[in-house]
Amino acid sequence: MTTNFDELLERFHATLATFDDALVRDAVAQIAWAMPARRLEPRPLACLRQLDRIVELAPANAQPLARLLAQRRGELHWGQTYSEADLGKTFIDNYGWLEVFGTRGHFVNDEVAAGLLILGPDIVYPDHHHVAEEIYIPLTGGTQWRMGEGDFRRREAGEVIHHASDVSHAMRTGKEPLLALYIWRGGPLTAKSTISGSQGRN
């Protein structure tokens, strides 16, 4: 089964364009948006049950994208970098990502990967790092984020979070799920992150 996902790419691009941030503008300007589509089979995950609540939480600029994800969740190819053996069943049942474009996404791009991350409520994504530079924009608020040896800090929807190459970072959700937009560039686009912390670290 294959489906035309041009609207997904258009809404993703349009959502990025609403953020008035120099780092985001630079990233968007360097992306060649005329990308060929890739044929992928649907791959639904347990975390997609969070999308109904995410639609309620998303701000106006992210609503069109969040609604599309919810409406077409079962047609998209969702991924997980880790297994239950890595981080446990509770984490795996509340975690997943959608690569909109990249080396394995719905659209082909060998230079940059971008997509969306879902985490369910009360989940710790432990300290991890990777070679690729990463830009995150949470599209729901209330999740706490940590970088390096710093403390966890609550971030709201629309804040731009930048992780330089190999900088350790972690996230933990509260009572609400997280939907975050991400951009990876400047490193291996399919590399598995190195987990350097435990889920119980505060």
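Quick notes on the rules
Residues numbered from 1 in each chain as written. Predicted model: local features only at pLDDT ≥ 70, side-chain atom pairs only at ≥ 80, totals over all residues. Heavy atoms only, no water. Salt bridge = Lys/Arg side-chain N within 4 Å of Asp/Glu carboxyl O. Buried < 20%, exposed > 50% of the residue type's maximum accessible area, 1.4 Å probe, protein only. Helix = DSSP H or I, 4+ residues; strand = E, 2+ residues; numbered from the N terminus. Contact = heavy atoms within 4.5 Å. Polar contact = N/O pair within 3.5 Å; in protein donor to acceptor, adjacent residues only side chain to side chain. Pairing = 2+ DSSP bridges. Core = buried A, V, L, I, M, F, W, Y, C linked by side-chain atoms within 4.5 Å. Expected span 1.5 Å × (residues − 1). Arc of directions from axis to C-beta.

This part covers the pattern of salt bridges. This structure, assessed with the given rule, holds 15 salt bridges. In this structure, Arg25 and Asp20 form a salt bridge, with 2.5 Å as the shortest nitrogen-oxygen distance. Here Arg25 falls in the partly exposed class, since its relative accessible area comes to 45%. Between Asp127 and Arg146 there is a salt bridge, and its shortest N-O distance comes to 2.5 Å. Here Arg146 lies in strand 7 (residues 144–147) and Asp127 lies in strand 5 (residues 124–129), a separation of 19 residues in the sequence. The same class applies to Asp127 and to Arg146, which are both buried. Taken together, the salt bridges that share partners define one network made up of Asp26, Glu133 and Arg185.

Glancing now at the environment of Arg25. Topologically, Arg25 is positioned in helix 2 (residues 22–29). C-alpha of Arg25 to C-alpha of Ala170: the two residues are 145 residues apart in sequence and 25 Å apart in space. Setting aside anything within four residues of it in sequence, one finds Arg25 in contact with Phe19 and Asp20.

Right, let's talk about the side chain of Asp127 for a bit. Taking relative accessible area as the criterion, Asp127 reaches 2% and is therefore assigned buried. Within the local environment of Asp127, its side chain forms a polar contact with the side chain of Arg146, the two groups lying 2.5 Å apart.

Moving on to the pairing of strand 2 (residues 95–102). On a regular strand, one side chain projects to one face of the sheet and the next to the other, so that they alternate. For strand 2, the tally of buried residues reaches eight of eight residues, placing the bulk of the element in the interior. Bridge count for strand 1 (residues 78–79) against strand 2 is two bridges, and the pairing is antiparallel. Opposite Trp78, over in strand 2, you have Leu98 as the bridge partner. Summarising the sheet, strand 2 and strand 3 (residues 107–108) pair through two bridges and their orientation is parallel. Bridging from a neighbouring strand, Phe101 pairs with Phe107 of strand 3.

Inside soluble globular proteins, nonpolar side chains tend to come together where they are buried. Counting residues in hydrophobic clusters, the biggest one holds 41 residues, and the most contacted among them are Phe12, Leu69, Phe101 and Leu116. If you list the elements that add at least two residues to this core, you get helix 1 (6–17), helix 2, helix 3 (51–57), helix 4 (63–71), strand 2, strand 4 (112–119), strand 6 (133–138) and strand 11 (178–185). Tallying contributions element by element places helix 4 first for this core, with five residues. Residue contacts for Phe101: discarding those within four places in its chain leaves Leu9, Phe12, Ile31, Trp33, Met35, Phe107, Asn109, Val112, Ala113 and Ala114. Residues Phe91, Ile123, Met171 and Leu178 belong to the second largest nonpolar core, which totals 20 residues.

Examined bridge by bridge, strand 5 and strand 10 (residues 169–172) share three bridges and lie antiparallel to one another. In the sheet register, Tyr125 faces strand 10, and the bridge partner there is Met171.

Attention now goes to helix 1. An α-helical turn contains 3.6 residues, so any two residues separated by three or four positions project in the same direction. Here helix 1 contains twelve residues, and its C-alpha end-to-end distance of 17 Å stays within 8% of the 16 Å for a straight helix at 1.5 Å per residue. Turning to helix 1, its buried residues are Leu8, Leu9, Phe12, Thr15 and Leu16. Down the axis of helix 1, the sector holding all buried residues measures 130°, keeping them to one side. In this structure, helix 1 carries Glu10 and Ala17 as exposed residues pointing more than 90 degrees from its buried face.

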